Amino acid sequence: MLKYLSANYILPITSMPIKDGIVAVDEEGVIQGIYDPTSFTQTDKVKIERYEGVIIPGFINAHCHLELSHMKGVVAKGTGLPNFLSQVMTSRSASMKKMDDAMSKADKEMYENGIVVVGDHANTDNSSKLKEDSKILYHTFVEVIGVEPEEADFKLKEAKSLTQEFRNGHVSITPHAPYSCSKVLFKKFKKSVPETNIISIHNQESDEENKLFRYKTGEFLDFYKSIGKNADSIKAQARNSIQSYLPYLPYPNKLLLVHNTYTSLKDLDFVERMDRDVVWCLCPKANLYIEGNLPKVQNFINAGQRLVIGTDSLASNDTLSVLEELKVLHEHFEDLDFLQTIQWATINGAVALNIEDEYGSLEIGKKPGIVLLEGMENLRLTDKVKVKRLA
């Protein structure tokens, strides 16, 4: 039995918007047809469900930390990244029930917010059972962290073992961030993963990261002391972090660079010259929560870079909603075109996670989830827009 869904506009994403278009979807959520109203022949047997708004495919949340869901409101806003990390490390322990309940609630919130796929970072197997049972598809990035060179072999072995707990096949190993991995760990990581291993690394979320790599100064040195780690192996590079660590990441692996709040034009030029398969993930609400700053989004657009959207965790956000992230971007960058930014939240995320055959756009044969954006004004995103899940 097919359902026929119609709205003021259908946005297939990979083709032009269809005014008063119609989508036919079967009971499994697979798209069986997309129609222009002039080419659709309605019979008595066909009942069209008509909605006010814009129909789009389900959102893809390219960056989250589900296992930190119990930390909502624990860390104050505006602490800066090193202080934020310290507080997360000292405050993240909780009873298993509290963590499970918070993760379950967060998973449900994302589903109701129209999210169909999540790129999720993990340090434990706490989220593995939930992910198996969820209506959302999760790609789990198991983080490798090791500041001291002698930790490298053990940390990699530990991460590889942890991947076995995530059984849906959508799992890879990733360095956590340039400030949390030694050069030795990066080199060993490069040799230990296949080309199919997608990498998702926190990048230039704070200017303190660039200070660390340029001059070996700043708040990260105090951070290392506070967690009892020796930072002797870190040397001043006289250049920003991304220019220091990117050559050590394996090629031709897909790279998801997350946050990019303090990525400069020179950094973008450097990455372009490296000829890597790079996707840049924006998590605007988390950037404002932790650092009170946003990436220079127009620089990425002007450089022709592929962008995706993430929510980060509830430790650094009050919602897990891709729509709310888009609203913040449009509020701060008024020249943004919704027809472009909606690609960041859908098909670009699907391409980044190698799942574009099924997700990210409204095309026959795909099962991308179907979402209604209510309150749109002539394909313009405003604060009034709400999300409703249709399939």
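Residues numbered from 1 in each chain as written. Predicted model: local features only at pLDDT ≥ 70, side-chain atom pairs only at ≥ 80, totals over all residues. Heavy atoms only, no water.

Looking at an unreviewed UniProt entry, one finds the protein named Amidohydrolase and attributed to Sphingobacterium athyrii.

1. Some points on the domain arrangement of the protein
Note the threshold: What marks off one domain from the next here is an automatic or database domain assignment. Two parts placed together each lose some accessible area; with a 1.4 Å probe, that loss summed over both constitutes the buried area. Basic side-chain nitrogens of Lys or Arg form a salt bridge, by our definition, when they fall within 4 Å of a carboxyl oxygen of Asp or Glu. For this analysis, a polar contact is any N or O atom pair within 3.5 Å, provided that within protein one partner can donate a hydrogen and the other can accept it, and provided that sequence-adjacent residues contribute only side-chain to side-chain pairs. In DSSP terms, a helix is any run of H or I states spanning at least four residues, a strand is any run of E spanning at least two, and both are numbered starting from the N terminus. Under the scheme applied here, ten amino acids are nonpolar (Ala, Val, Leu, Ile, Met, Phe, Trp, Tyr, Cys and Pro), four are charged (Asp, Glu, Lys and Arg), and all others, including Gly, are polar.
What the domain assignment reports for the protein is domain 1 (1-57 + 361-390) and domain 2 (59-359). Among the residues domain 1 hides against domain 2, the three largest losses belong to Ile 13, Leu 381 and Arg 389. Together they make up 35% of the total. Across the contact surface, domain 1 and domain 2 share zero salt bridges. Taken together, domain 1 and domain 2 are joined by seven residue pairs in polar contact (both at pLDDT 80 or more). Broken down by secondary-structure element, the contributors of at least two residues to the side of domain 1 that touches domain 2 are strand 5 (48-57), strand 14 (370-374) and strand 15 (386-389). Counting residues per element, the side of domain 1 that touches domain 2 draws most heavily on strand 15, which supplies three residues. Counted by class, the side of domain 1 that touches domain 2 contains 13 nonpolar, four polar and five charged residues.

2. A look at the UniProt feature "domain: Amidohydrolase-related" (unreviewed entry) in the protein
Worth spelling out the cut-off: UniProt positions are given in the numbering used here, feature names are shortened, and annotations may be inferred rather than shown by experiment.
Here the UniProt feature "domain: Amidohydrolase-related" (unreviewed entry) sits at residues 54-377. Taken end to end, residues 54-377 comprises 39% helix and 17% strand; its first and last C-alpha atoms sit 10 Å apart.

3. Points about the pattern of salt bridges
Note the threshold: Throughout this description, buried means an accessible area under 20% of the type-specific maximum (1.4 Å probe, protein chains only), exposed means over 50%, and partly exposed covers the range between.
Applying the stated rule across the entire model yields 15 salt bridges. A salt bridge links Arg 50 to Asp 20; its shortest N-O distance comes to 3.1 Å. One end of the pair, Arg 50, is in strand 5; the other, Asp 20, is in the loop between strand 2 (18-19) and strand 3 (22-25), with 30 residues separating them in the sequence. Judged by its relative accessible area of 28%, Asp 20 falls in the partly exposed class. Ionic pairing is found between Arg 92 and Glu 67, a salt bridge with its closest N-O pair at 3.1 Å. Taken together, the residues span a long stretch of sequence, with Arg 92 in the loop between helix 1 (81-91) and helix 2 (96-112) and Glu 67 in the loop between strand 6 (59-64) and helix 1 at a distance of 25 residues. Here the salt bridges share partners, and the residues they tie into one network are Glu 132, Glu 165 and Arg 167.

4. Concerning the nonpolar core
Worth spelling out the cut-off: Working definition of a nonpolar core: buried Ala, Val, Leu, Ile, Met, Phe, Trp, Tyr and Cys residues. They are joined through side-chain atoms within 4.5 Å. Contact criterion: two residues are considered in contact whenever any of their non-hydrogen atoms come within 4.5 Å of each other.
Judged by nonpolar contacts, the single largest core of 87 residues is most densely connected at Phe 59, Met 110, Trp 280, Trp 344 and Leu 373. Three or more residues apiece are contributed to this core by two domains, here domain 1 (1-57 + 361-390) and domain 2 (59-359). Leave out the neighbours within four places in its chain, and Trp 280 touches Asn 203, Ile 242, Leu 257, Asn 260, Thr 263, Leu 268, Val 271, Phe 300, Gln 305, Arg 306, Leu 307 and Val 308. Counting residues in each nonpolar core, the second largest holds 20 residues, with Val 75, Leu 81, Phe 84 and Ala 177 among its members.

5. A short note on the pairing of strand 12 (residues 278-282)
Walk down a regular strand and you will see the side chains alternate between the two sheet faces. What counts is decided by this rule: At least two bridges found by DSSP between two strands are what make those strands a pair. Look down the strands so they point away from you; if going from the first strand over the helix to the second traces a clockwise path, that crossover is right-handed.
Counting buried positions along strand 12 yields five of five residues, so the element is predominantly enclosed. Strand direction decides the pairing type here: strand 11 (residues 255-259) and strand 12, joined by four bridges, are parallel. Among the inter-strand pairings, Val 258 is bridged to a residue of strand 12, identified as Cys 281. Note that the unit made of strand 11, helix 9 (residues 265-274) and strand 12 has a crossover that is right-handed. As judged from the three bridges shared by strand 12 and strand 13 (residues 307-309), these two strands associate in the parallel manner. From the neighbouring strand, Trp 280 faces strand 13, where its bridge partner is Leu 307.

6. What about the environment of Gly 53?
Its place among the elements puts Gly 53 in strand 5. The spatial distance from the C-alpha of Gly 53 to the C-alpha of Tyr 9 is 6.8 Å, given a sequence separation of 44 residues.

7. A closer look at the sheet that holds strand 13
This is how it is decided: Here an angle of 0 to 180 degrees is reported between the N-to-C directions of two axes, which are lines fitted to C-alpha atoms, with helices fitted over the stretch in contact.
Strand order in the open sheet formed by four strands is 10-11-12-13, with parallel pairing between adjacent strands. The sheet is open, and its two borders are formed by strand 10 (199-203) and strand 13, each paired with just one other strand. Taken pair by pair, the neighbouring strands of this sheet meet at an average axis angle of 30°, ignoring direction.

8. Concerning the state of the cysteines
Here is the rule: Our working definition of a disulfide is a cysteine sulfur pair at a distance within 2.5 Å.
The final tally for this structure, using the stated rule, is zero disulfides. In this model Cys 64 remains outside any disulfide bridge; the closest cysteine sulfur is found in Cys 283, 9.1 Å from its own. Not engaged in a disulfide, the cysteine Cys 283 finds its nearest cysteine sulfur in Cys 281; these two sulfurs lie 4.0 Å apart. Cys 283 sits in the buried class, given a relative accessible area of 0%.

9. Overview of a positive patch on the surface
In plain terms, the rule: Two joining distances apply to patches: 9 Å for like charges and 5 Å for nonpolar side chains (Val, Leu, Ile, Met, Phe, Trp, Tyr), and every residue must have over 30% relative accessible area and no salt bridge. Only the protein chains shown count as cover for residues, with accessible areas throughout obtained via the Shrake-Rupley method and a probe of 1.4 Å. For this count, His and the chain ends are skipped, Lys and Arg are scored as positive, and Asp and Glu as negative. The location of each charge is read from NZ of Lys, CZ of Arg, CG of Asp or CD of Glu.
Where like charges cluster on the molecular surface, the positive patch consists of Lys 183, Lys 187, Lys 191 and Arg 239. Topologically, Lys 183 is positioned in helix 5 (residues 183-192). A residue is classified by how much of its surface remains accessible, and Lys 183, at 41% relative accessible area, is partly exposed.

10. Examining the sheet that holds strand 6
The four strands lie next to each other as 6-7-8-9, forming an open sheet whose pairing is parallel. The sheet is open, and its two edges are formed by strand 6 and strand 9 (171-175), each paired on a single side. Strand-to-strand twist in this sheet, taken as the mean axis angle between neighbours without regard to direction, amounts to 20°. Bridge count for strand 7 (residues 115-122) against strand 8 (residues 137-144) is six bridges, and the pairing is parallel. Across the sheet, Val 117 pairs through a bridge with Leu 137, a residue of strand 8. Contacts from helix 4 (residues 152-163) reach strand 8 and strand 9 within the one sheet, and its direction differs from that of strand 8 by about 165°.

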